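Here are the chains, one letter per residue:
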Amino acid sequence: MPDGLESESRKLLRRLRDTMAEDAAGQARLDKITHLTADSMGTEVCSIYLFRDDNTLELCATEGLKAEAVHKTRMKLGEGLVGRVARTGRIINAADAPSFAGFRYMPETGEEIYSSFLGIPIQRLGEKLGVLVVQSRQAREFTSDEVYALEVVAMVLAEMAELGAFVGEGAALAARHTEPRLLRGTMGQEGAAEGHVWLHEPRVVVTNLVADDPAREKERLDEAVQSLQVSVDDLLASAQDPEQRAVLEAYRMFASSKGWLRRMEEDIERGLSAESAVEKQQSLARARMSQATDAYLRERLQDLDDLSNRLLRLLTGQGNETGAEMPPDPILVARNIGPGELLDYGRSLKGIVLEEGSVGSHAAIVARALAIPLVIHAGGITTEALNGDHIMVDGDQGVVHLRPDETVVGAFRDKMAMQTKALERYASIRETACVTACGSRIHLNMNAGLMADLPSLESSGAEGVGLFRTELQFLVRNQMPKRTELAALYARVLDAAHGKRVNFRTLDIGSDKVLPYMKPNDEPNPALGWRAIRVGLDRPGVMRMQLQALLRAAQGRPLTVMFPFIAQLDEFYAARAEMDKTIARERRLGHPVPEKIEIGAMLETPSLAYAPRRFFEEVDFLSIGGNDLKQFFYAADRENERVRRRYDTLNCCFLTFVEEIVTRCAQTDTPLSFCGEDAGRPIEALCLAAIGLRTLSMRPASIGPVKHLMMRVDLADLKAVIDAARDKGAQSARPAVIEYLRGLD
Ligand code: PEP
Ligand code: MG
């Protein structure tokens with residue numbers, strides 16, 4: 001970089017800093033910045049366009065274009081060159097702008113006389129705020145140093161906006177973090193919650209953007225980088241597990257990446273403080289992350305983001321522990337969170353909002369177990385929310401109201417009051433057996449998997465645990481649990497059940513459930529791949545260890561075990577043979593074996609519905625894993641948002657299929673239950689009962705609503721409604737069922 005330019009850019013930054021320090025109104029500051037920038041870059045025009053709403057940019061200040069166009073000229077995202085810079089987040093550097101594809105001329109601005117155009121996105125940590133533009137008459141491309149200088153100005157603008165520098169009388173920008181915001185995400189766990197934001201990782205606020213003494217700043221950066229490297233080395237030294245070490249090695253490599261450090265030093269040379277240099281590189285990495293489709297690259301950029309956060313904390317002295325007290329009714333807001341960290345917060349949280357995450361993620365599993373409303377994919381929440389902000393989370397709709405206005409608060413509270421009333425109603429029938437209006441006894445069990453679930457066995461009125469997902473214990477750990485740990489854990493589950501039946505399902509991993517300490521398999525179709533019992537039989541070590549832990553936990557008490565994802569006879573026989581061998585071994589070792597053992601299978605693939613009669617005779621019980629069964633029946637991935645809700649459980653084809661399974665089980669007196677998510681949806685549960693299921697297993701929170709509805713319905717009448725819909729050739733029985741239920745009110 002030429003010396004002259006370096007000092008120019010530093011001079012410009014210093015002038016910007018002085019502008020910031022002056023006690024001026026927001027608009028005056030913006031005007032001054034455009035003037036300073038045009039002056040020091042030697043261009044005729046400098047303009048600032050800011051977002052008015054998610055889709056509209058507005059000319060907010062200019063030097064060189066017509067003053068009357070300010071706050072009048074607007075463009076849509078993607079419209080013209082400015083709109084394009086905003087949409088793509090990429091720079092446009094055009095010598096002859098009017099001939100550039102997508103150029104759109106704004107007559108009111110008088111810009112027709114300017115040939116060259118340089119547009120830089122104004123963004124902060126991945127959040128788009130606007131576009132900074134310089135234009136000049138002379139048709140020339142801007143040099144890389146000029147581009148760089150303008151990039152730095154854009155960054156400073158973004159930081160100043162975050163600090164509220166443009167707010168005030170005649171404000172160009174509304175104050176940030178004060179307006180109500182509605183964020184739409186995806187439902188992770190149902191339920192509504194009102195409370196106050198508690199940021200999992202409070203944002204670091206950088207106040208000294210510009211620095212005069214580059215040597216001192218480089219020293220500060222250097223010290224911080226060294227401490228960072230030491231802390232990563234410490235992490236590495238304490239990591240036992242080879243997989244974990246491999247991840248940390250990559251992390252360490254990044255922490256000493258020459259390219260990264262050099263770029264930050266260059267930024268300091270040009271006048272940034274050490275912390276704003278870190279933040280600038282972090283912003284660039286985030287912008288790349290939002291575009292990266294390659295999983296490996298995304299992960300590395302995520303590492304870089306994490307390292308940048310650590311560096312910023314070291315440089316600013318702002319730790320995770322800000323000393324702030326957790327607000328009342330905390331709602332956790334995070335980009336993402338690990339299951340262990342979530343369990344640490346436990347039931348103190350009223351709700352959770354994640355910027356990333358997925359329906360099947362471990363955090364979502366824990367949130368479900370704790371019955372905490374969860375919204376995932378709430379884009380922008382971590383940049384928008386401040387600690388203590390009022391927030392309402394609608395887990396049913398996947399919607400978040402941040403700093404809601406009074407109308408929203410009123411409507412939301414009405415909804416919550418209705419839910420509370422319903423909960424009181426359900427509590428009053430907790431001890432009542434579920435008997436339908438026609439006298440059929442329906443057994444309602446709960447699904448579980450974590451110790452955190454166990455108190456629900458009492459509070460929900462569940463008759464037992466119809467599905468204990470043992471993999472959750474494996475998923476929330478950083479390393480493979482030991483047999484003794486598992487035995488102790490299962491014993492606690494049986495103790496808490498006080499003799500109620502618990503169906504332990506053996507490890508069901510693969511597909512969406514990937515153990516953090518096992519090498520993931522690169523499979524083209526993981527849901528159809530090496531998962532569940534297939535892994536158990538091919539690598540029997542873990543299954544044997546688990547079966548042994550279960551036998552030891554029982555200490556002679558009755559034990560029920562079921563194998564997941566059995567697709568054909570021999571898989572069940574092979575798995576059961578493992579159990580027989582383990583029992584024989586336990587006997588030989590002199591350990592007590594359960595007085596009664598029942599071994600069942602989960603019916604999750606259509607193939608098993610057509611297994612030979614002898615299978616139905618020999619299996620002790622069957623449980624329909626409706627989540628998987630439905631995904632294979634319709635060939636619609638349960639994890640794919642685009643298709644997972646496309647096919648109705650009450651589609652007559654699916655009901656007929658499930659009814660066939662009921663019939664086959666009835667012929668051989670094979671006990672049958674249904675434990676997919678649909679069992680917990682009241683209307684679906686009713687229809688399953690109407691076609692003959694007598695045992696359902698669901699999330700604890702669903703037992704009340706299911707029982708309440710079930711007790712009011714005559715199953716024979718409902719069956720007649722379903723049959724009539726089928727006879728009529730309806731695609732789904734739902735409309736007819738809903739009409740019938742309306743008639744009950
Ligand atoms: C199912 O597939 O319905 C089931 C209960 O198992 P999981 O959801 O754990 O795959
Ligand atoms: Mg399943």
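J.: Is there a simple way to explain the overall build of the protein chain in this structure?
T.: Tallying secondary structure elements over the protein chain gives 27 helices and 22 strands in all. C-alpha atoms of the protein chain, sized along the principal axes, occupy 90 × 60 × 45 Å. Counting only residues that meet the buried cut, the protein chain has 55% of its 745 residues in that class. Look at the contacts in the protein chain between residues 6 or more apart in sequence, and 66% of them connect residues 24 or more apart. Summed over all atoms, the accessible surface of the protein chain reaches about 32000 Å², with 51% contributed by carbon and sulfur. Mean positive and mean negative side-chain charge positions of the protein chain (92 and 108 charges, respectively) differ by 4 Å.

J.: What am I meant to see in the coordination of the magnesium ion (ligand 2) here?
T.: Note on metal sites: the ideal angle is 109.5 degrees for four tetrahedral donors, and 90 or 180 degrees for six octahedral donors. Bound to the magnesium ion (ligand 2) on the protein side are Glu604 (OE) and Asp628 (OD), at distances that span 2.0 to 2.1 Å. Residue Glu604 is located in the loop between β19 (597–603) and α20 (606–609), and its partner Asp628 is located in helix α22 (residues 626–634); the two are separated by 24 residues in the primary sequence. The burial state of Glu604 is the same as that of Asp628; both residues are buried.

J.: What's the story with the side chain of Lys707 in this structure? I'm lost.
T.: Summarising the element assignment, Lys707 is placed in helix α25 (residues 700–710). Among buried Asp, Glu, Lys and Arg side chains, Lys707 stands out as unpaired, with Glu463 the closest opposite charge at 6.5 Å. A polar side-chain atom of Lys707 sits 3.0 Å from the main-chain carbonyl oxygen of Ile429. Of the polar contacts made by the side chain of Lys707, one reaches the backbone oxygen of Arg430; its length is 3.0 Å. Residue contacts for Lys707: discarding those within four places in its chain leaves Ile429, Arg430, Thr432, Cys434 and Leu444.

J.: Help me understand empty space enclosed by the protein, please; the structure alone is not making it clear to me.
T.: Take a probe with the size of a water molecule and roll it over the atoms, and the empty space left behind shows itself. Counted according to the given criterion, the structure contains 4 cavities of 30 Å³ or more. Its boundaries defined by the atoms lining it, the largest cavity holds a volume of some 110 Å³. Lining the largest cavity are Tyr49, Met75, Glu79, Gly80, Leu81, Val82, Phe103, Arg104, Met106, Glu111, Phe117 and Gln135. No other element matches the 3 residues that helix α3 (residues 80–88) contributes to the lining of the largest cavity. Per-class residue counts for the lining of the largest cavity are 7 nonpolar, 2 polar and 3 charged. Around the second largest cavity, the lining is made up of 14 residues, and of these Arg469, Arg505, Glu604, Asn627 and Arg638 lie nearest the centre. Counting residues per element, the lining of the second largest cavity draws most heavily on α22, which supplies 3 residues. Across the lining of the second largest cavity, the residue classes tally to 3 nonpolar, 4 polar and 7 charged.

J.: What should I look at first to understand the pairing of strand β22 (residues 695–698) in this one?
T.: A regular strand places its side chains so that they alternate between the two faces of the sheet. What you see with β22 is no split at all: Thr695 and Ser697 on one side and Leu696 and Met698 on the other are buried throughout. For strand β15 (residues 443–448) and β22, the ladder comprises 4 bridges, and the chain directions are parallel. Across the sheet, the residue bridging to Asn445 is Ser697, located in β22.

J.: For this particular structure, what's the right way to read the environment of Thr560?
T.: As for its placement among the helices and strands, Thr560 is situated in strand β18 (residues 559–563). The class of Thr560 is buried, set by a relative accessible area of 7%. Distance in space between the C-alpha atoms of Thr560 and Ser227 is 53 Å, their sequence separation being 333 residues. Once you skip the residues sitting within four places of it in the chain, Thr560 turns out to touch Arg501, Val502, Asn503, Phe504, Glu598 and Phe621.

J.: Any chance you could explain helix α26 (residues 715–728) here in plain terms?
T.: An α-helical turn contains 3.6 residues, so a residue and the one three or four places further along point in the same direction. The end-to-end C-alpha separation of α26 is 20 Å, in line with the 20 Å expected for 14 residues at 1.5 Å each. If you check which residues of α26 are buried, you get Leu715, Leu718, Val721, Ile722, Ala725 and Arg726. End-on view of α26: buried residues confined to an arc of 135°, all on one side of the axis. Across from the buried face of α26, at angles greater than 90 degrees, the exposed residues are Ala716, Asp727 and Lys728. Buried residues along α26 sit in contact with α23 (652–668), α24 (682–690) and α27 (734–744). One side-chain oxygen at the N-terminal end of α26 lies 2.9 Å from the backbone nitrogen of Ala716; it belongs to Asp714. Phi turns positive one or two residues past the end of α26, at Gly729, with a value near 85°.

J.: How should the site of ligand 1 be read in this particular structure?
T.: The immediate surroundings of ligand 1 are formed by 14 residues, with Arg469, Arg505, Gly625, Asn627 and Arg638 found nearest. Contacts to ligand 1 include Glu604, whose side-chain N or O atom sits 2.9 Å from an oxygen atom. Between Arg638 and ligand 1, the recorded distance is 2.7 Å, taken from a side-chain N or O atom to an oxygen atom. Burial of ligand 1 by the protein chains amounts to 99% of its free accessible area of 290 Å². The cavity where ligand 1 resides is the second largest cavity. For the shell around ligand 1, the secondary-structure elements that each account for two or more residues are β16 (465–469) and α22. By residue number, the principal contributor to the shell around ligand 1 is α22, which donates 3 residues. Class assignment of the residues belonging to the shell around ligand 1 gives a composition of 3 nonpolar, 4 polar and 7 charged.

J.: Explain the packing of aromatic side chains to me, please; I cannot follow it from the model alone.
T.: Aromatic ring pairs: the centre-centre distance and the angle between the two ring planes describe each pair. Applying the stated criterion across every chain, the model contains 12 aromatic pairs. The interplanar angle of 15° and the centroid separation of 5.0 Å between the aromatic rings of Phe633 and Phe657 together place this pair among those described as stacked. Of this pair, Phe633 sits in helix α22 while Phe657 sits in helix α23; the two residues are 24 residues apart in sequence, bridging distant segments of the chain. Taking the relative accessible area as the measure of exposure, Phe633 reaches 28% and is therefore partly exposed. The exposure class of Phe657 is buried, given its relative accessible area of 4%. Seen from their ring centres, Tyr634 and Tyr647 are 4.9 Å apart, and the 15° between their planes marks the pair as stacked. Here Tyr634 is found in helix α22, whereas its partner Tyr647 is found in the loop between α22 and α23, with 13 residues between them in sequence. Judged by relative accessible area, Tyr634 falls into the buried class, the value being 14%. Following the ring pairs from residue to residue traces out a cluster consisting of Tyr610, Phe633, Tyr634, Tyr647, Phe654 and Phe657. The positively charged end of Arg270 is found above the aromatic ring belonging to Tyr148, 3.5 Å away from the centroid.

J.: How do you make sense of the pattern of salt bridges when you look at a structure like this?
T.: Two side chains bearing opposite charge may form a pair once their charged atoms approach each other closely. Under the definition given, this model contains 47 salt bridges. Notably, a salt bridge pairs Asp267 with Lys280, separated by 3.3 Å at the nearest N-O pair. A residue pair is termed long-range when its members are at least 10 positions apart, and Asp267 in helix α7 (residues 258–269) and Lys280 in helix α8 (residues 274–291) qualify at 13 residues. Both residues of the pair, Asp267 and Lys280, belong to the buried class. Of the charged contacts, one joins Glu578 and Lys581 as a salt bridge, the two residues approaching to 3.8 Å between their closest N and O atoms. Here the residue Glu578 and the residue Lys581 both occupy positions in helix α19 (residues 569–588), the gap between them amounting to 3 residues, near one helical turn.

J.: Which parts of the structure should I look at to understand the sheet that holds strand β7 (residues 181–184)?
T.: By definition, the strands of a sheet pair up through backbone hydrogen bonds, in either a parallel or an antiparallel sense. Strand order in this open sheet of 8 strands is β7-β14-β13-β9-β10-β11-β12-β8, and the pairing throughout is mixed. This sheet does not close on itself; its edge strands, each paired only once, are β7 and β8 (186–189). Between one strand and the next, the sheet's axes are offset by a mean angle of 30°, whatever the strand orientation. Where strand β9 (residues 192–199) and strand β10 (residues 330–334) come together, 4 bridges link them in parallel fashion. Pairing of Leu199 across the sheet is with Val333, part of β10. Against the sheet, helix α13 (residues 406–428) engages β9, β13 (390–394) and β14 (399–402), with an angle of about 50° to β13.

J.: I'm lost on the environment of Arg531 in this one. Help?
T.: Summarising the element assignment, Arg531 is placed in the loop between β17 (502–505) and α17 (533–538). A residue is classified by how much of its surface remains accessible, and Arg531, at 2% relative accessible area, is buried. When near neighbours in sequence (up to four residues on either side) are disregarded, Arg531 contacts Asp508, Ile509, Gly510, Ser511, Pro526, Phe565, Asp628, Gln631 and Phe632.

Each value, and the rule that gives it
Residues numbered from 1 in each chain as written. Chains lettered and ligands numbered in written order. Predicted model: local features only at pLDDT ≥ 70, side-chain atom pairs only at ≥ 80, totals over all residues. Heavy atoms only, no water. Helix = DSSP H or I, 4+ residues; strand = E, 2+ residues; numbered from the N terminus. Buried < 20%, exposed > 50% of the residue type's maximum accessible area, 1.4 Å probe, protein only. Contact = heavy atoms within 4.5 Å. Areas by Shrake-Rupley, 256 points an atom, 1.4 Å probe, with all protein chains shown as cover. Lys, Arg positive; Asp, Glu negative; His and termini not counted. Charge placed at Lys NZ, Arg CZ, Asp CG, Glu CD. Donors = N, O, S within 2.8 Å, 3.2 Å for Na, K, Ca; no water. Salt bridge = Lys/Arg side-chain N within 4 Å of Asp/Glu carboxyl O. Polar contact = N/O pair within 3.5 Å; in protein donor to acceptor, adjacent residues only side chain to side chain. 1 Å grid on protein atoms, 1.4 Å probe; cavity = no way out; pocket = protein on both sides within 12 Å on 5 of 7 lines; lining within 4 Å. Points joined across faces, edges and corners; volume = space filled by probe spheres on them. Nonpolar A, V, L, I, M, F, W, Y, C, P; charged D, E, K, R; others polar. Pairing = 2+ DSSP bridges. Expected span 1.5 Å × (residues − 1). Arc of directions from axis to C-beta. Near = heavy atom within 4 Å. Sits in = over half its atoms within 2 Å of the grid points. Phe/Tyr/Trp six-rings, centres within 6.5 Å; stacked < 30°, edge-to-face > 60°. Lys NZ or Arg CZ within 6 Å of the ring centre and 35° of its normal. Axes fitted to C-alpha atoms, helices over the stretch in contact; angles between N-to-C directions.

This is a description of form; function is not addressed.
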